[in-house]
Amino acid sequence: MVNGDGAHGHTEEAESKQDGNGEADGGEESNEQEVIVIQDTGFTVKIQAPGTEPFDLQVSPQEMVQEIHQVLMDREDTCHRTCFSLQLDGNVLDNFAELKSIEGLQEGSLLKVVEEPYTVREARIHVRHIRDLLKSLDPSDAYNGVDCNSLSFLSIFTDGDLGDSGKRKKKGNELEQIDCTPPEHILPGSKERPLVPLQPQNKDWKPMQCLKVLTMSGWNPPPGNRKMHGDLMYLYMVTVEERHVSITASTRGFYLNQSTTYTFNPKPANPSFLSHSLVELLSQISPAFKKNFTALQKKRVQRHPFERIATPFQVYSWTAPQVDHAMDCVRAEDAYTSRLGYEEHIPGQTRDWNEELQTTRELPRKNLPERLLRERAIFKVHSDFAAAATRGAMAVIDGNVMAINPGEETRMQMFIWNNIFFSLGFDVRDHYRELGGDAAAHAAPTNDLNGVRAYGAVDVEGLYTLGTVVVDYRGYRVTAQSIIPGILEREQEQSVIYGSIDFGKTVVSHSKYLELLEKTSRPLKVQRHSVLNEKNETVELCSSVECKGIIGNDGRHYILDLLRTFPPDLNFLPVDGEELPPESQRQGFPRQHRHRLACLRQELIEAFVEHRYLLFMKMAALQLMQQKANKDTKTDTPAITETSETISESNGKELEESIPGLAQAKELAETLVAEDGSCIDPKSREVVLNACKAVGSISNTSFDIRFNPDIFSPGVRFPDDSADDIQKQKQLLKDAAAFMVSCQVPSLVKDCLDHSALPMDGATLTEALRQRGINIRYLGSVLEFVDKTPAKTQLEHFYRIGISELITRCAKHIFKTYLQGVELSALSAAVSHFLNCFLSSFPDAVAHLPPDELVSRRKSRKRRNRVPGGGDNTAWASLTPSELWKNIASEAQSYYHFTVQCDSVDQVVEKYGLQKITLLREISIKTGIQILIKEYNFDSRHKPAFTEEDILNIFPVVKHVNPKASDAFHFFQSGQAKVQQGFLKEGCELINEALNLFNNVYGAMHVEICACLRLLARLNYIMGDHAEALSNQQKAVLMSERVLGIEHPNTIQEYMHLALYCFANGQLSTALKLLYRARYLMLMVSGEDHPEMALLDSNIGLVLHGVMEYDLSLRFLENALTINTKYHGPRSLKVALSHHLVARVYESKAEFRSALQHEKEGYTIYKNQMGEAHEKTKESSEYLKYLTQQAVALQRTMNEIYKNGSNASIMPLKFTAPSMASVLEQLNIINGIIFIPLSQKDLENLKAEVHRRQLLQELGKNEEPTEDSPLELEDKIPID
């Protein structure tokens, strides 16, 4: 199912839809009511296809007839048909009609599948479909990163499907046949980091060959006289039995003709085997085809649908095996025609991307069904546009697209392909000369994209942005944009009616634009302001001057060049005569940056305004209290404005503690502000006024902070009468810069210390920074801050990931310019040479110039520089490792202001504890390199690690907007909130609902659906429905592998959750395999020394304990203990629990002395942290008593044996293997899951408990460390 929104093959979803929202809380959510509109109940129809028995199909009224076609083309017994119509009582059904609009179609109707005559188009579709069926198990599309295919390996570890539908019927006791020993490289302490296990061999992928060759014949197209006999096209095939056949596709179907490779004879052969489907024809002439095709389809339909559904955006794999390149007519044809969304659209027309992007925005959005339709359309067009733009950008850089200004030098060329406009990220015409030249031109597109994202999210009716995709490929940055109708026919000067085309020298404004932008100014925090134009007239704007307004020929109001949507970052913008606040200066700011376009992230603006709002409330409250106090003494209130300067960013907290009764005053303040400025008495008005002034609000009567994005822009001049205002705005920007270093960076570090942020690799580290609004250019400062933190050892993992991110980013910057000088024929040699210099210990890496190119150099010298990637250049070959590492160190110094004191890779690895394999993964992902999967010897001093044969491909790195499913997201959030309040069942329903809506908008595959499934699985598990938990978590794992990547940190965590549910379901060997896989990935992505590894190892140790592998279990548990002690501190409750787990294994081994030693450690921690009376402390002390008794009993028996020799009367000792239940209980505890027996009474108690907790937190009395709080369901959806 492409759209994933029909009910077939999704019967479980169909069922969950029916028990939808009977009991939605009326007042709570208005949109809960609307949902019901979408879910009409489904019904069943009978389908009768030629040559098969009639079968039942579950359908739903609002799907189209076309979707039944899709299902039939996917079903094992009808998949070989593409050209047919569906008929009800002899009437042909319209493909695009909704089922509910068809007369007479009801429960139990019989639909007949009727073969239709072919056209050329239908014949092509048929051949393409048959080729897809033949390739359905072949992973080469996933390796090559085409057609939104990507890899997934879960099924290898679970032997097919999980749960009851799978191949495994042997639940029961699996203990006998488990081999629990992991491969050597997975054991704790192993130094070996192999690459090959990253992609385990899937036996299904050894393709069962059905045909040797299927290609278009050279006799195409049919000559006129044959066209009139119904010939559509000719195919050439070689069967597995080596029979060469020539086939005619005609209007009636496919048959053998008498042509050979060199003679054309279109007459039907005898027998001609005329068949309506190619599969029927081939099955008659090739026994091997018949046998293998059937087997292949059986396997295809057994695969989980999530292994084969296309992802919305392409995911690239940085490793691949050597794949044989087989003949493939469809692929060959696609490469030479620009098949752009070939099926979806009016044949013969390229898509008008701009029209599609804007029309979908204009769809109505009054109620839920309308919004869903609109969001689904927006999402679909965006993902198609991103794919087309990526393909176009690669074609541009590969030199396959003619420039629209071919006379200019290469860097200045612009391109149009498939209605998309492409420009290169260079400073053409010195446009950015003032702002940093090429560096600015390189940063501008991503800034612009952030602007497009921001305006798109505000979604104001009538204001349009361009479809924008930024593609980095082969060292070039390409911006792809949709084209404003009419823009190419006129000069830019004429079309711009708002904003400036020369950075503010000349500026124009337009009332309609002001009105539209005014609507965005509050959510985006942009202040309306005036600037002077070249005639010194005042011009009013509501955006930065660069933001240009153009009315297209379609009458729509477009804004473009949104690179300064957000205000400048003064920490990286030294301005003459301006001083930064001391917080910034102390850390060495302002610093010189490559360009002057450094701006603050939207997340930072939001956080800053939130922080100011709290400050505002506190100040108003303080004044109210002063007023109260002064009423008694009748003195006048001293205004707080004088003290406002002293309220620094940090001491808001101390204010809070020092004043009694502040909370009530705060409530009062809220009522004041809520009135929106129409305050009751002048006294209160004054309070609000003072508080507004103190926090820099632009309004005097309510809290409202906005930024002027033109402050400090060179070339922009402000009218004199706004000097005061400009001064305030400058101060606000300085405060924001100080807020970054004094609040955001420390809060990030604090979150890492208490493990609420747990980055595992470069990508998750970047995400953690960006969520807090910290730009990556601050990475050096963040690392310095960590270095100075007292608890530095507990941040070692963070520091290590940060260093490796910093180094690989510096290497990426160098690689970018390095690649620009390489011609296409030397690409693999150049990339392997660069990787050798970067990672190999071999001291003098010598590049191999491709020899054969040298001959033809002279002749073609003239035409060389026509392609961006031309360049007659072998300079790259002279790079040496020491030179590269020197460059990396100087790049780190100049870009990140961070000192890396290392002049070779081995020093870096040694000094910072990095792993070469991790560095290889990071650099490959960042630059789009794909390498051959094999073991590389990085440390050999005699030969380089990489040869040019090891570089398989170079992919684009793509940035684009991710449109959101807003309604689904709200449901998801309210579901999370319900769960956190302890209303599990209601939460579960809301999240199921969110899942339906997500599927509706995104189709079946998306990161947000993945988060949704994970949470659902966790809820199912807590509520005791293990099978459902398994099924949902399996989907979450598959989806994470497909959408995020097979070794993404999120995937690793999904594997861990799945292992837990497998264990609970009695599938022990599967649980172990999954945990070992997670550990292998974790070792590769971040190494052993990481807090998450402790959790993983505790899980593995517990499962091994459960299957009585005690020695192995101890290796993992003791490693977990070491890591927990390091990262949580020796006094932490996690460490106590670790001691207890180790003690239990020693007890099972009857080594009581060691067991006692560990349990005592744990007991001491509990006693000191929780006090004597706490149940944990009591449990521990009971267990100590029990261990002591066992030890004494054992000692007695031993003494008895020593004394009386062999005839001693021995008491039988109780050595118990741990029960599965007890192991599971410990597993649940370490994974933060607490079971909730769902009787009504317990539920009430739980709610009360949760409520009590919240109260405690609000009162700030929450002193007790809640180590394993029951509902740790913080599955946040990743924000892009």
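Residues numbered from 1 in each chain as written. Predicted model: local features only at pLDDT ≥ 70, side-chain atom pairs only at ≥ 80, totals over all residues. Heavy atoms only, no water.

Caption draft 1: Quick peek at the overall build of the protein chain. Broken down by element type, the protein chain carries 43 helices and 23 strands. Put simply, the protein chain has 1280 residues, and 55% of those count as buried. Restricting the contact set of the protein chain to residue pairs at least 6 apart, pairs at least 24 apart contribute 71%. About 56000 Å² of surface is accessible on the protein chain, with carbon and sulfur atoms providing 53% of the total. (Helix = DSSP H or I, 4+ residues; strand = E, 2+ residues; numbered from the N terminus. Buried < 20%, exposed > 50% of the residue type's maximum accessible area, 1.4 Å probe, protein only. Contact = heavy atoms within 4.5 Å. Areas by Shrake-Rupley, 256 points an atom, 1.4 Å probe, with all protein chains shown as cover.)

Caption draft 2: Structural detail: the sheet that holds strand S10 (residues 319–320). Pairing within the open sheet is mixed, and its three strands lie in the order S10-S21-S22. Lying at the two open borders of the sheet, with one neighbouring strand each, are S10 and strand S22 (951–954). As paired elements, S10 and strand S21 (residues 929–932) share two bridges and run parallel to each other. Bridging from a neighbouring strand, Thr319 pairs with Ile931 of S21. Where helix H26 (residues 827–839) meets the sheet, its contacts fall on S21 and S22, and the angle it forms with S22 comes to roughly 105 degrees. (Pairing = 2+ DSSP bridges. Axes fitted to C-alpha atoms, helices over the stretch in contact; angles between N-to-C directions.)

Caption draft 3: Highlighting the environment of Val782. The topology assignment puts Val782 in helix H24 (residues 779–788). A relative accessible area of 0% places Val782 in the buried class. Sequence separation of Val782 and Gln744 is 38 residues, and the distance between their C-alpha atoms is 10.0 Å. Ignoring anything within four residues of it in the chain, the contact list for Val782 reads Val745, Leu748, Ile774 and Phe798.

Caption draft 4: Highlighting the pairing of S21. Bridge analysis of S21 against S22 gives three bridges, and the strand direction is antiparallel. Bridging from a neighbouring strand, Ile929 pairs with Ile954 of S22.

Caption draft 5: Summary view of the pattern of salt bridges. A complete count under the given rule lists 67 salt bridges for this structure. Note that Arg591 and Glu784 form a salt bridge whose closest N and O atoms lie 3.9 Å from each other. In this pair, Arg591 is assigned in the loop between helix H16 (582–586) and helix H17 (602–633) and Glu784 in helix H24, connecting sequence segments 193 residues apart. Overall, Arg591 belongs to the buried group, its relative accessible area being 10%. Linking Lys985 and Glu989 is a salt bridge whose minimum nitrogen-to-oxygen distance equals 3.8 Å. With a gap of four residues between them, Lys985 and Glu989 both fall in helix H32 (residues 984–1002), about one helical turn apart. Three or more residues joined by partner-sharing salt bridges are found here, namely Asp761, Glu805, Arg809, Arg921, Glu922, Lys926 and Glu1047. (Salt bridge = Lys/Arg side-chain N within 4 Å of Asp/Glu carboxyl O.)

Caption draft 6: Examining the nonpolar core more closely. If you look at the biggest cluster of nonpolar residues, it comprises 279 residues, and the most contacted ones within it are Phe838 and Ile931. Beyond its immediate sequence surroundings of up to four residues, Ile931 is in contact with Leu195, Trp318, Thr319, Ala320, Leu835, Leu920, Tyr936, Phe946, Asp950, Ile951 and Leu952. Leu256, Ile285, Phe289 and Leu296 belong to the second-largest nonpolar core, a separate cluster that totals 28 residues. (Core = buried A, V, L, I, M, F, W, Y, C linked by side-chain atoms within 4.5 Å.)

Caption draft 7: Fine view of the packing of aromatic side chains. Across all of its chains, the model carries 35 aromatic pairs by this definition. Look at Tyr498 and Tyr513: their rings are 5.5 Å apart centre to centre, the planes differ by 25 degrees, and that puts the pair in the stacked class. Taken together, the positions of Tyr498 in strand S16 (residues 496–498) and Tyr513 in helix H15 (residues 511–524) put the pair 15 residues apart, joining distant regions of the chain. The same class applies to Tyr498 and to Tyr513, which are both buried. Members of the aromatic cluster, each reached through a chain of ring pairs, are Phe313, Phe379, Phe972, Phe998 and Tyr1002. Over the ring of Tyr464 we find Arg556, and its NZ or CZ is 5.5 Å from the ring centre. (Phe/Tyr/Trp six-rings, centres within 6.5 Å; stacked < 30°, edge-to-face > 60°. Lys NZ or Arg CZ within 6 Å of the ring centre and 35° of its normal.)

Caption draft 8: Spotlight on helix H33 (residues 1007–1022). Here H33 contains 16 residues, and its C-alpha end-to-end distance of 23 Å stays within 8% of the 22 Å for a straight helix at 1.5 Å per residue. The element H33 is largely enclosed, with a buried count of 15 among its 16 residues. In the segment just after H33, Gly1024 is the residue with positive phi, at about 90 degrees. (Expected span 1.5 Å × (residues − 1).)

Caption draft 9: Summary view of unusual backbone geometry. With an omega of -15 degrees, the peptide bond between Asn220 and Pro221 qualifies as cis. Assignment of secondary structure puts Pro221 in the loop between strand S6 (211–216) and helix H7 (224–227). The omega torsion across Asn270 and Pro271 is -5 degrees, close enough to zero to call that bond cis. Following the sequence through the fold, Pro271 ends up in the loop between strand S9 (253–256) and helix H8 (278–285). Phi angles above zero are rare outside glycine, and Cys148 is one such case at about 55 degrees. Its place among the elements puts Cys148 in the loop between helix H5 (140–144) and helix H6 (154–158).

Caption draft 10: Seen up close, the environment of Ser966. With respect to the secondary-structure elements, Ser966 resides in helix H31 (residues 966–980). With 31 residues separating them along the chain, Ser966 and Leu997 place their C-alpha atoms 9.5 Å apart.

Caption draft 11: Layout of helix H13 (residues 437–458). An ideal rise of 1.5 Å per residue puts 32 Å on 22 residues; H13 measures up with 31 Å between its terminal C-alpha atoms. Its maximal kink placed at Ala444, H13 deviates by approximately 30 degrees, while the proline Pro445 follows within four residues. Downstream of H13 by a residue or two, Asp459 has a phi angle that is positive, lying close to 60 degrees. (Bend = angle between axes of the 7 residues up to and from the residue.)

Caption draft 12: Quick peek at the sheet that holds S9. The four strands are arranged S6-S7-S8-S9 in an open sheet whose pairing can be described as antiparallel. Two strands lie at the open edges of the sheet, namely S6 and S9, each paired on one side alone. Strand after strand, the sheet turns through a mean of 25 degrees between neighbouring axes, direction not considered. Bridging between strand S8 (residues 244–250) and S9 involves four bridges; their strand directions are antiparallel. Bridge pairing in S9 places Ser250 opposite Gly253. Its contacts with the sheet put helix H4 (residues 120–134) on S6, strand S7 (231–239), S8 and S9, and the angle it makes with S7 is roughly 20 degrees.

Caption draft 13: Region of the structure containing the side chain of Gln729. Checked against the element boundaries, Gln729 lands in helix H22 (residues 723–753). Here Gln729 falls in the buried class, since its relative accessible area comes to 3%. Engagement of the side chain of Gln729 in a polar contact is seen with the side chain of Gln527, the distance being 2.6 Å. For Gln729, the contacting residues outside a window of four places in its chain are Gln527, Ile698, Arg706, Phe707, Asn708 and Ile711. (Polar contact = N/O pair within 3.5 Å; in protein donor to acceptor, adjacent residues only side chain to side chain.)

Caption draft 14: The packing of helix H23 (residues 762–771) against helix H25 (residues 796–820), seen in detail. Two numbers describe how H23 lies on H25: the axes approach to 9 Å, and their chain directions differ by 100 degrees. The orientation of H23 with respect to H25, classified from their angle, is roughly perpendicular. Where H23 approaches H25, its residues Gly762, Leu765, Thr766 and Arg770 are matched on the opposing element by Phe798, Ile801, Gly802, Glu805 and Arg809. Of the residues in the contact of H23 with H25, the class split is three nonpolar, three polar and three charged. (Parallel < 35°, antiparallel > 145°, perpendicular 65-115°, else oblique. Nonpolar A, V, L, I, M, F, W, Y, C, P; charged D, E, K, R; others polar.)

Caption draft 15: Highlighting the side chain of Asp710. Looking at the element boundaries, Asp710 is found in the loop between helix H21 (682–695) and H22. No salt bridge is formed by the buried Asp710; the nearest opposite charge belongs to Arg564, separated by 6.2 Å. Looking at Asp710, its side chain comes within polar contact range of the main-chain nitrogen of Val545, at 2.9 Å. The contact partners of Asp710, leaving out residues within four places of it in the chain, are His529, Val531, Leu541, Ser543, Ser544, Val545, Glu546, Val716 and Phe718. (Lys, Arg positive; Asp, Glu negative; His and termini not counted.)

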